Amino acid sequence: MMLLGLVLHSACNYQHTPADAAWGFRDSQTHELFSFMVSFIHVWRMPIFMFIAGFFSALLVERRGTESFLSNRVSRLAIPFVIFLPLTLPLTTSGFYFANVFRFARSVKAGFENYSIDMMGDLFPPITIHLWFLYYLFLYCLISFMLLQLGRQLLPESIRNLPTKIIGTIMTIPGGSILLCIPLAYALNKSAGLLITGLAFIPETTSFFSYGFIYLCGWAFWSQRSLLEKLRSWPKTIFALVMTLVLYPIWMDFFLQWVGLPPGQITAALCNLLGVETLQRSTILWLGASVSALMVWNAIWGGLGLFLLTTNRRIPFIRYFVDGSYWVYLIHLPLTIWIPGLLCNVELGVFSKFSITLFTTTAIGFISYDLFVRSTFIGQILNGRRWPR
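Residues numbered from 1 in each chain as written. Predicted model: local features only at pLDDT ≥ 70, side-chain atom pairs only at ≥ 80, totals over all residues. Heavy atoms only, no water.

Draft legend 1. Layout of a nonpolar patch on the surface. On the surface, W234, I238, L241, V242, V246 and L306 cluster together into a nonpolar patch covering about 490 Å² of accessible area. Considering every element that reaches the nonpolar patch, the biggest residue donor is helix α11 (residues 234-258), with five residues. Relative to the helices and strands, L241 resides in helix α11. For L241, a relative accessible area of 31% corresponds to the partly exposed category. (Patch = residues over 30% accessible without salt bridge, like charges linked within 9 Å, V, L, I, M, F, W, Y side chains within 5 Å. Areas by Shrake-Rupley, 256 points an atom, 1.4 Å probe, with all protein chains shown as cover. Salt bridge = Lys/Arg side-chain N within 4 Å of Asp/Glu carboxyl O. Helix = DSSP H or I, 4+ residues; strand = E, 2+ residues; numbered from the N terminus. Buried < 20%, exposed > 50% of the residue type's maximum accessible area, 1.4 Å probe, protein only.)

This is the structure in structure tokens:
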């Protein structure tokens, strides 16, 4: 999931849509494929990550206790956030400025000399950029710790474990995923199912609740971990992944109407079936949110099944990349902006530029991990141990 962030952010520069607040640069060469990649990966990547994070949070609490759980989360989440945000934020914001100036001025010199001292404040806007997930995840862990501590003092065990028991029980019944869609659909109905990334320090309500609910479900799944064996099935995994793909264009049909585009073929067919001329906006929002929620849960079950089926034994090569992916993700964002900025006036073709951006970012990330992180105190902080050289 971490390394998919490199794919997503590299592709953002080549989307076939204008630059926006979410990603403030576009190369002159674009392609619809990259627009699809960005929106499709965004739908399910972080929900799967948050579900897994909740699962392993419950594991940590059960095996190490609440105090050790919190200290572990401070070390792995809060400290990297505090260290890497002030390092990557100015490199990111200046990268967007440089890339846009260089694209139109066609001069590296112009890309730098137009940046005045008065604009230095723009290097540190009050946002969390790609480290928002560390911020959200630490808040979820902190809230979990406080609720666990309060619950043990004020409530009997049967009551304090009730939420996770209910969710865990829902997961065991046929059609339980549909019931789990209801809270997500309710949260996402105002955006037709789009999980908007909250970059501000004050959490964005919809995304914070949505990811928090998924984190809670992952926590509850720890109590039903025997279900993992049922997920270890190629037919079930393929079905869930295919359903994710099938639901995506249906969701996009409703979502695009939310952003102001005319109804698509799916909406037209639904109108004909219902015998109405148009659907009300509120109906479109609820349909988009419901399809999005169902897509998220299919992606979670399919993603978990695929992971279980393909990593059912210890492989040193895989372990190396899993450990290194955290470091690579922390440092990658400026690279996925500066490299496309330097390439923007080179006539290489959009797919070549994307490949160079992705390969170079990945190579720099893992080479620096091997040289400066894996066997040092940084590796101790990020991965819990130093590996011998």
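Now that the structure has been shown, the text picks up again.
Draft legend 2. A look at the nonpolar core. Counting residues in hydrophobic clusters, the biggest one holds 111 residues, and the most contacted among them are M50, F51, F133, M171, W297, I300 and W301. Ranked by the residues each element gives to this core, the list is headed by helix α2 (residues 32-64), at 18 residues. For M50, the residues in contact, after removing those within four places along its chain, are W132, F133, Y136, L137, Y140, Y211, I214 and Y215. (Core = buried A, V, L, I, M, F, W, Y, C linked by side-chain atoms within 4.5 Å. Contact = heavy atoms within 4.5 Å.)

Draft legend 3. Spotlight on the side chain of S39. With respect to the secondary-structure elements, S39 resides in helix α2. Since its relative accessible area comes to 18%, S39 is described here as buried. Among the polar contacts listed, one links the side chain of S39 to the backbone oxygen of S35, at a separation of 3.1 Å. A polar contact is formed between the side chain of S39 and the backbone oxygen of F36, at a distance of 3.2 Å. (Polar contact = N/O pair within 3.5 Å; in protein donor to acceptor, adjacent residues only side chain to side chain.)

Draft legend 4. Seen up close, the environment of E67. You can see E67 is positioned in helix α3 (residues 66-105). The spatial distance from the C-alpha of E67 to the C-alpha of Q149 is 9.5 Å, given a sequence separation of 82 residues. Every residue in contact with E67, bar those within four places of it in the chain, is listed here: F145 and Q149. Polar side-chain contacts of E67 include one of 3.1 Å to the side chain of T66.

Draft legend 5. The arrangement of empty space enclosed by the protein in detail. Applying the stated criterion to the full structure yields one cavity of 30 Å³ or more. Here the largest cavity defines a volume of roughly 50 Å³. Within the lining of the largest cavity, the residues separate by chemical class into five nonpolar, three polar and no charged. (1 Å grid on protein atoms, 1.4 Å probe; cavity = no way out; pocket = protein on both sides within 12 Å on 5 of 7 lines; lining within 4 Å. Points joined across faces, edges and corners; volume = space filled by probe spheres on them. Nonpolar A, V, L, I, M, F, W, Y, C, P; charged D, E, K, R; others polar.)

Draft legend 6. Structural view of the pattern of salt bridges. Within the structure shown, the criterion is met by five salt bridges. A salt bridge links K353 to D27, with the nearest nitrogen and oxygen atoms 3.1 Å apart. On the criterion of sequence distance, the pair formed by K353 in helix α15 (residues 350-372) and D27 in the loop between α1 (4-12) and α2 is long-range, its members being 326 residues apart. Side by side, K353 and D27 carry an identical accessibility label, which is buried. R232 is paired through a salt bridge with E229; the nearest N and O atoms lie 3.1 Å apart. Residue R232 is classed as partly exposed on the basis of its relative accessible area, which comes to 31%.

Draft legend 7. Representation of the layout of surface pockets in the model. One number sums up the size of the second largest pocket: a volume of about 1,400 Å³. Along the wall of the second largest pocket there are 44 residues; nearest its centre are Q15, D20, A22, W23 and V38. Among the elements of the structure, α1, α2, α3, α11 and α14 (316-343) are those that each provide at least two residues to the lining of the second largest pocket.

Draft legend 8. The arrangement of the side chain of S191 in detail. Locating S191 in the fold gives a position in the loop between α8 (176-188) and α9 (205-222). Residue S191 is classed as buried on the basis of its relative accessible area of 5%. Contact partners of S191, with chain neighbours within four places excluded, come to I196, F255 and W258.

Draft legend 9. Molecular detail of the packing of α1 against α15. It is the contact of α1 with α15, at a shortest axis distance of 9 Å, that shows an interaxial angle of 140 degrees. Taken as axis vectors, α1 and α15 run oblique relative to one another. Like other packed secondary-structure pairs, α1 and α15 cross with a definite hand, here right-handed. From α1, L6, V7, S10 and A11 reach across to α15, where they touch F354, T357, L358, T361 and T362. In terms of residue class, the contact of α1 with α15 is built from five nonpolar, four polar and no charged. (Axes fitted to C-alpha atoms, helices over the stretch in contact; angles between N-to-C directions. Parallel < 35°, antiparallel > 145°, perpendicular 65-115°, else oblique. Left-handed = near helix turned anticlockwise from the far one by under 90°.)

Draft legend 10. Structural context of unusual backbone geometry. In this structure, I129 takes a positive phi of about 40 degrees despite not being glycine. Note on placement: I129 falls in the loop between α4 (108-113) and α5 (132-154). Here I129 falls in the buried class, since its relative accessible area comes to 8%. The phi dihedral of A192 falls on the positive side, at around 55 degrees, and the residue is not glycine.

Don't take any of this as a statement about function, it's just geometry.
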